[in-house]
Amino acid sequence: MSLFSSRVLNNMELENLTQVAEFLLLGLSEDPQLQPVLFALLLATYLVTVLGNLLIILAVSSDSHLHTIMYFFLSILSLADICSTSTIVPKMLLNIQTESKTITYAGCLAQAYFFMVFLCMDNLLLTVMAYDHYVAICHPLHYMVIINPRLCVLLVLICLLISTVDALLHTLMLLRLSFCKHLEIPHFFCDLAQILKMACSDTLVNNTILLFATIFLGFGPVCGIIFSYAQIVSSILRIPSTGGKYKAFSTCGTHLCVVSLFYGASIWVYLNSAVTDSPRMSAVASVMYTVVTPMLNPFIYSLRNKDMKGALRKHTMGIFSILRCFKSPVVYL
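Since we're looking at a predicted model, the values are computed, not measured.

Engineer: How do you make sense of the sheet that holds strand β3 (residues 183-185) when you look at a structure like this?
Structural biologist: Pairing between the strands of a sheet comes from backbone hydrogen bonds, and it takes one of two forms, parallel or antiparallel. Spatially, the three strands line up as an open sheet ordered β2-β1-β3, and their pairing is mixed. Edge positions in the sheet fall to β2 (102-104) and β3, since each of these pairs with one other strand and no more. Across the sheet, the mean angle separating the axes of adjacent strands is 35 degrees when strand polarity is ignored. As defined by bridge partners, strand β1 (residues 22-25) adjoins β3 across three bridges and the pair is classed as parallel. Note on β3: the bridge partner recorded for Leu25 is Ile185.

The structure is reproduced here in structure tokens:
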């Protein structure tokens, strides 16, 4: 009986320790002299990311020339980029400003959950956009029949549902783990893989689910994108006119740049973490796909797309004119 009681008490202690556990996010650097520089760079990057993606959403929603399926998916992608960046960067800025590295257990799980949702959303949206380009170039006569507005909304909802269920499954599986002490995460946000390394209990089930999710939601979309662009290139090469080939390439060139940047950065982070034994170097490499890629997406779409460039220029000039009015108020006598 006493043995049973001691086991119950030990389990209760583990649960209590799990509830009050705080994680320490070690960040990108512990050098005090680098903290102001990191704060300024992260703040500037975050502001550019939010403003750039908001401009894309505003341009797509207000310009009638951009009321197409391709730009609908682009606006959803921009919204997902804003949300994914807002999940991790404000906490990084707060930790640097307050010189505190702690994050609560609940806050860490919430951050991991929302980041997984929006990262998976980005991944699936890029796949859907590749399919959209495939139908537009390989089956142009049937495009409006296959890619209709109802299907587009349905695809976005399916992407959101898959992302939410996947992130919820990982988060619920984290709740069964116990953390026995204050733990240091050698990263700038609560990454799922790093949290699993900090657990005191067995993580075999968690790692198995993570492996299957990586296969189906990682390699699956990549294979789909590769297949789509293989068919696109094959169709473009059969176009007889040079102008037609250029127009077809320009249609999917912007999306191909974003896909290359997103998956290239992710693969680079994976290879870097596999080669090096330094978790801090892996954290620095993760900045590419978590912070830099969402910031560069608006520039890529605005620089390589004439319609988007014109719409963004019009809205930017309008914003500057409004700011000029506030800066130089009229004085009434």
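Read on for the rest.
Engineer: Please clarify how the pairing of β1 should be interpreted in this entry.
Structural biologist: Looking along a regular strand, one sees side chains alternate from face to face of the sheet. Burial of β1 is one-sided: the residues Phe23 and Leu25 facing one way are buried, the residues Glu22 and Leu24 facing the other way are not. By the bridge criterion, three bridges tie β1 to β2 in an arrangement that is antiparallel. Directly across from Phe23, in β2, lies its bridge partner Ile103.

Engineer: Explanation requested: the environment of Val233 in the structure shown.
Structural biologist: Residue position: Val233 is located in helix α8 (residues 204-237). For Val233, a relative accessible area of 37% corresponds to the partly exposed category.

Engineer: How should the side chain of Thr87 be read in this particular structure?
Structural biologist: Following the sequence through the fold, Thr87 ends up in helix α3 (residues 69-98). When sequence neighbours within four positions are dropped, the list of residues in contact with Thr87 reads Gln111, Phe114, Phe115 and Phe118.

Engineer: Help me understand a nonpolar patch on the surface in this model?
Structural biologist: Together, Leu211, Phe212, Ile215, Phe216 and Phe219 make up a nonpolar patch on the protein surface, roughly 560 Å² of accessible area in all. By secondary structure assignment, the location of Leu211 is in helix α8.

Engineer: How should I be thinking about the confidence of the model for the chain in this particular structure?
Structural biologist: Low pLDDT means the predicted coordinates in that region are not meant to be read closely. In this model, the chain carries an average pLDDT of 81, and 80% of its residues clear a pLDDT of 70 or more. Within the chain, no element has a lower average pLDDT than helix α1 (residues 2-20), which sits at 46, and none a higher one than helix α6 (residues 149-175), at 94. Counting interchain partners and residues more than four positions distant, the pLDDT-below-50 stretch residues 1-18 has eight contacts.

Engineer: For this particular structure, what's the right way to read the packing of α3 against α6?
Structural biologist: If you want to describe how two helices pack, look at the angle between their axes and the distance between the axes. The geometry of α3 relative to α6 is characterised by a closest axis approach of 11 Å and an angle of 20 degrees between their N-to-C directions. With respect to α6, the element α3 is oriented roughly parallel. Judged by the sense of rotation from one axis to the other, the crossing of α3 with α6 is right-handed. The residues of α6 that touch α3, namely those facing Ile69, Phe72, Phe73 and Ile76, are Cys152, Val153, Leu155 and Val156. The residue inventory of the contact of α3 with α6, partitioned by class, reads eight nonpolar, no polar and no charged.

Engineer: I keep staring at the nonpolar core and nothing clicks. Help me out?
Structural biologist: Among the nonpolar cores identified, the biggest contains 41 residues, and Phe73, Met121, Leu125, Leu126, Ile225, Ile232 and Tyr301 are the most heavily contacted of them. For this core, the elements supplying multiple residues, two or more each, are α2 (35-62), α3, α4 (105-138), α6, α8, α9 (242-275) and α10 (279-304). The element that contributes the greatest number of residues to this core is α4, accounting for 12 residues.

Engineer: Could you clarify how one ought to interpret the packing of aromatic side chains in this entry?
Structural biologist: With the rule as written, the count across this model stands at nine aromatic pairs. Residues Phe188 and Phe189 carry aromatic rings whose centres are separated by 5.1 Å and whose planes lie at 55 degrees to one another, so their mutual orientation is tilted. Of the two residues examined, Phe188 and Phe189, each falls in the buried class. Measuring from centroid to centroid gives 6.5 Å for Phe212 and Phe216, while their planes differ by 15 degrees, and the two rings are stacked. Residue Phe212 and its partner Phe216 are located together in helix α8, separated by four residues, close to a single helical turn. Look at Phe212 and you get partly exposed, because its relative accessible area is 46%. The exposure class of Phe216 is exposed, given its relative accessible area of 61%. An aromatic cluster is defined as three or more aromatic residues linked by ring pairs; in this entry it consists of Phe115, Phe188 and Phe189.

Engineer: Is there a simple way to explain the UniProt feature "transmembrane region" (unreviewed entry) in the chain in this structure?
Structural biologist: Those residues carrying the UniProt feature "transmembrane region" (unreviewed entry) are residues 37-60, 69-89, 109-131, 151-169, 208-227, 248-271 and 283-303 in this numbering. Secondary structure over residues 208-227 splits into 100% helix and 0% strand, and the C-alpha atoms at its two ends are 27 Å apart.

Reading the values: the criteria
- Residues numbered from 1 in each chain as written.
- Predicted model: local features only at pLDDT ≥ 70, side-chain atom pairs only at ≥ 80, totals over all residues.
- Heavy atoms only, no water.
- Pairing = 2+ DSSP bridges.
- Helix = DSSP H or I, 4+ residues; strand = E, 2+ residues; numbered from the N terminus.
- Axes fitted to C-alpha atoms, helices over the stretch in contact; angles between N-to-C directions.
- Buried < 20%, exposed > 50% of the residue type's maximum accessible area, 1.4 Å probe, protein only.
- Contact = heavy atoms within 4.5 Å.
- Patch = residues over 30% accessible without salt bridge, like charges linked within 9 Å, V, L, I, M, F, W, Y side chains within 5 Å.
- Areas by Shrake-Rupley, 256 points an atom, 1.4 Å probe, with all protein chains shown as cover.
- Salt bridge = Lys/Arg side-chain N within 4 Å of Asp/Glu carboxyl O.
- pLDDT = per-residue confidence, 0-100.
- Parallel < 35°, antiparallel > 145°, perpendicular 65-115°, else oblique.
- Left-handed = near helix turned anticlockwise from the far one by under 90°.
- Nonpolar A, V, L, I, M, F, W, Y, C, P; charged D, E, K, R; others polar.
- Core = buried A, V, L, I, M, F, W, Y, C linked by side-chain atoms within 4.5 Å.
- Phe/Tyr/Trp six-rings, centres within 6.5 Å; stacked < 30°, edge-to-face > 60°.
- UniProt positions renumbered as here; feature names shortened; annotations may be inferred.

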